[in-house]
Structures are given as C-alpha cells and as structure tokens.
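Residue-level structure breakdown
Residue-level listing of the chains:
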Amino acid sequence: MPETPKLNRPWFVAVWPGMGHVALNAGVYLLAKLGMTAVAEFEAGELFDVSAVEVKGGVIQPARRPRNRFFVWADPEKRRDLVLFLGEAQPPVGKFPFCRQVIEYARGLGVERVLTFAAMATEMRPEHLSRVFGAATDERGVDELRRLDVTVLQEGNIGGLNGVLLGAAALAGLRGTCFLGEMPQVFTQVPFPKASLAILEAFSALTGIEVDLDELTDQARAVEEQLGELLARVEEQYGPQTQRAEDDEDESDEEDDENEEEVAREGVEYRYEGPDETVAPSAVQRIEELFARAATDRGKAFELKRELDRLGLFKRYEDRFLDLFKHAD
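Residues numbered from 1 in each chain as written. Predicted model: local features only at pLDDT ≥ 70, side-chain atom pairs only at ≥ 80, totals over all residues. Heavy atoms only, no water.

Attention now goes to the overall build of the protein chain. Assigned secondary structure in the protein chain consists of ten helices and ten strands. For the protein chain, buried positions account for 49% of its 329 residues. Contacts in the protein chain between residues at least 24 apart in sequence constitute 77% of all its contacts with a sequence separation of at least 6. Roughly 15,900 Å² of accessible area belongs to the protein chain as shown, and the carbon and sulfur atoms make up 47% of that amount. (Helix = DSSP H or I, 4+ residues; strand = E, 2+ residues; numbered from the N terminus. Buried < 20%, exposed > 50% of the residue type's maximum accessible area, 1.4 Å probe, protein only. Contact = heavy atoms within 4.5 Å. Areas by Shrake-Rupley, 256 points an atom, 1.4 Å probe, with all protein chains shown as cover.)

Written out as structure tokens, the structure reads:
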C-alpha cells in the first residue's frame with residue numbers, strides 16, 4: 001500500500017457484488033459522482049483461489065485472484081471525508097480474518113464509522129417503492145435508522161461480508177450500519193437500480209454528503225418499466241411470480257430457480273453478467289467512446305458502468321473501469 005493518506009474524520013463504506021448489483025452499483029455511483037481516487041489495494045493472499053481463467057481471441061490470460069481496492073474522497077466542505085472499499089468477490093474461507101484486516105487498515109486511516117450496502121429480496125413488484133432495511137452495531141445507530149424511516153431488521157442474519165465486516169468493526173470499537181435495498185426476488189439475476197437509489201438516499205440523509213442522484217433515478221425508472229413489462233409476460237405463462245399465498249410456501253427451490261431463469265431468458269435489457277458472447281463492433285465503439293469521456297470526466301463513469309451492465313460485460317472491463325479512478329483530476 002502507498003503512503004497512508006491524511007483524512008478528516010472519515011467514514012468507511014464497503015461493497016461487494018451481489019444480488020441485482022444493488023451494493024456494487026451504489027458504490028460505483030459514489031465513485032463516479034464524488035470523483036473518488038484509488039489509494040490502496042489489499043492483497044488477500046491465499047484466501048482466494050482461482051477457479052477459471054479468461055480466454056481472449058483463443059489466448060488464455062494469466063490467472064489472477066479477485067482484487068480489493070480502497071478509494072477516498074476529500075470533502076471540499078471539510079466536514080467528513082469518505083473511504084470506499086470495493087471488493088471483486090468475497091473469499092470462500094477466512095471471511096472473518098479478511099474483515100479484521102480490512103478494519104485494521106480502516107482504523108489506520110482514522111475511520112470513525114463503517115457502513116455496508118446489500119440487497120434484500122422480497123415479494124415486491126418492480127413498480128413498488130424500494131424500502132431500505134437496516135441494522136446497526138448499537139442502539140444509537142438503531143435510533144438513527146428509525147429517524148431515517150429505515151425498516152429496522154428485528155431478527156435474522158446478514159449473510160456474507162456485508163454483515164461480518166460490521167461484526168469485526170464492532171469488535172474494534174467502531175460503530176457500524178448496514179443498509180439493505182429492497183428488490184423483487186424474481187429479478188435477483190438482473191441489476192435493479194431502484195434499490196441502489198434507495199440506499200444512496202438513506203446514505204445521504206445519514207452522512208449529510210450530497211450526491212446528484214438524477215442519473216440513477218432515470219435508470220431506475222427505465223428498468224422499472226422494462227421489468228414490469230417482462231413480469232407481465234412471464235405471469236401470463238407461469239402465473240403470479242410475487243405475492244404468493246401462504247399455502248404455496250413449500251414450493252421447491254428448484255422450481256423457483258427455473259422461474260428466475262425463465263425471467264432472465266425473456267430478453268430484459270440488463271443482463272447480469274451474461275454469457276461471454278461476441279460483442280458487436282458498434283457496441284465496442286460505444287464502450288470506447290464512454291471510456292474516453294469518463295477518462296476526462298469521472299462523473300460520466302456511471303453511464304459507462306450502465307452500458308457495460310446492459311451488455312453483460314462489466315467483469316470483462318472491471319479492471320480498466322476502476323483504473324479510471326487511479327489518479328486525481
């Protein structure tokens with residue numbers, strides 16, 4: 001890691017890929033709109049294995065483990081800086097040691113509080129408002145959630161690093177909060193920006209950090225319309241996919257999976273990391289144009305992310321995309 005930057009009362013946000021790209025898109029949106037800068041990369045050692053290699057034009061690419069990067073934003077108003085951790089994947093083993101090391105680095109930056117973003121799949125329909133669910137590491141944080149009209153999780157667990165990181169933060173004496181954006185359970189395989197938008201609205205209300213959400217609002221509206229039309233077609237063939245009666249709760253996971261796969265095949269514009277297909281030259285040209293714009297104006301980076309999601313190509317371009325934030329403007 002390079003020299004530790006000096007930050008002003010920073011808060012820490014951590015995101016990983018997951019259902020509906022909810023957390024990842026919220027984090028990337030902050031990267032783009034706040035113009036954040038990469039400051040460090042965390043080497044996770046043997047916690048990650050390599051299960052596949054990429055092939056480009058018949059050539060096998062060098063094996064690589066998932067990357068874990070830290071970005072910072074210096075508040076021009078000198079109120080509170082922000083540190084964002086973006087992980088490409090969650091380690092299959094050693095989650096708690098991994099989180100303790102991340103928290104150790106965050107404490108070295110002077111971080112005062114830890115936030116994580118995640119998705120909550122429910123019976124909601126695409127046209128419904130996305131609620132934000134939340135949990136905190138102390139009663140004071142729970143009271144904050146109630147003041148923000150966030151639905152407090154009373155029981156249960158938060159799976160993966162979205163929860164484990166907050167447990168590690170609490171052990172280190174740091175306060176922590178998790179925001180979970182609501183999305184339709186039948187659409188967990190496609191990006192759902194409405195949930196990302198709801199999370200960032202709650203984030204701004206909690207932190208006082210203003211973020212221009214217009215672009216994400218427009219995307220959420222467009223995807224809502226697409227998914228609503230798609231759901232109507234699927235329900236004509238398979239019956240209601242949400243709001244199932246209680247006597248249907250014993251429906252097998254296998255059947256649920258088949259219905260989700262059918263939804264994914266129905267042609268929705270946004271494909272969640274779809275198959276590695278040949279990309280049309282016009283699409284490549286569009287991607288290169290968006291990279292050029294984002295290189296000179298990071299505020300345009302989310303438009304690029306949106307296009308890569310639409311084409312199912314974000315993983316292929318992820319390193320290059322995040323490299324846009326290596327240097328300050």
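At their nearest, the axes of helix α9 (residues 301-311) and helix α10 (residues 314-322) sit 9 Å apart, and the two run at 160° to each other. In terms of axis orientation, α9 runs roughly antiparallel to α10. The chirality of how α9 crosses α10 is right-handed. Within the contact between the two elements, α9 uses Ala301, Leu304, Lys305, Leu308 and Asp309 and α10 uses Phe314, Tyr317 and Phe321. For the contact of α9 with α10, a count of residues per class yields six nonpolar, no polar and two charged. (Axes fitted to C-alpha atoms, helices over the stretch in contact; angles between N-to-C directions. Parallel < 35°, antiparallel > 145°, perpendicular 65-115°, else oblique. Left-handed = near helix turned anticlockwise from the far one by under 90°. Nonpolar A, V, L, I, M, F, W, Y, C, P; charged D, E, K, R; others polar.)

As a further point, take the side chain of Ser196. Within the secondary structure layout, Ser196 lies in helix α5 (residues 193-207). On the basis of relative accessibility, which here comes to 0%, the residue Ser196 falls in the buried class. Not counting the four nearest positions on each side in its chain, Ser196 is found in contact with His21, Val22, Asn25, Ala26 and Leu216.

A word on the pairing of strand β5 (residues 68-73). Most of β5 sits out of view: six of its six residues are buried. Here strand β2 (residues 37-41) pairs with β5 via four bridges, running antiparallel. For Glu41, the partnering residue across the bridge sits in β5 and is Arg69. Relative to strand β6 (residues 82-87), β5 is paired through six bridges, and the arrangement is antiparallel. Looking at the pairing, Phe71 lines up with Leu84 of β6. (Pairing = 2+ DSSP bridges.)

What follows deals with the sheet that holds strand β10 (residues 175-184). The strand order β2-β5-β6-β1-β7-β10-β8-β9 describes an open sheet built from eight strands, whose pairing is mixed. Edge positions in the sheet fall to β2 and β9 (151-152), since each of these pairs with one other strand and no more. Of the strand pairs in this sheet, strand β1 (residues 11-15) and strand β7 (residues 113-122) are connected by four bridges, and their pairing is parallel. Residue pairing in the sheet places Phe12 in a bridge with Val114 of β7. Docked against the sheet, helix α1 (residues 22-34) engages β1, β5, β6, β7 and β10, running at close to 135° with respect to β6.

Applying the stated rule across the entire model yields 24 salt bridges. A salt bridge links Glu41 to Arg67, with the shortest nitrogen-to-oxygen separation between them at 2.7 Å. Here Glu41 is found in strand β2, whereas its partner Arg67 is found in the loop between β4 (59-60) and β5, with 26 residues between them in sequence. In this structure, Glu144 and Arg113 form a salt bridge, with 2.4 Å as the shortest nitrogen-oxygen distance. With Glu144 in helix α3 (residues 139-147) and Arg113 in strand β7, the pair connects residues that are 31 residues apart, well separated along the chain. By the burial criterion, Glu144 is buried, and Arg113 matches it. Each of Glu41, Arg64, Arg67, Arg69, Glu88 and Asp319 takes part in one network of salt bridges that share partners. (Salt bridge = Lys/Arg side-chain N within 4 Å of Asp/Glu carboxyl O.)

Looking at the protein chain, pLDDT values average 84 and 85% of them are 70 or higher. For residues 244-276, every residue scores under 50 in pLDDT, and the model assigns this stretch 53 contacts once sequence neighbours within four places are set aside. (pLDDT = per-residue confidence, 0-100.)

Below, the discussion takes up the pairing of strand β8 (residues 132-136). When you tally the buried positions in β8, you get four out of five residues, the bulk of the element. Pairing of β8 with β10 involves five bridges; the strand directions are antiparallel. Within β10, the position partnered with Ala135 by the bridge is Cys178. Pairing of β8 with β9 involves two bridges; the strand directions are parallel. Following the sheet pairing, Gly134 is matched in β9 by Val152. Taking the sense of rotation as the criterion, the β-α-β connection linking β8, α3 and β9 turns out right-handed. (Right-handed = clockwise from strand over helix to strand, strands pointing away.)

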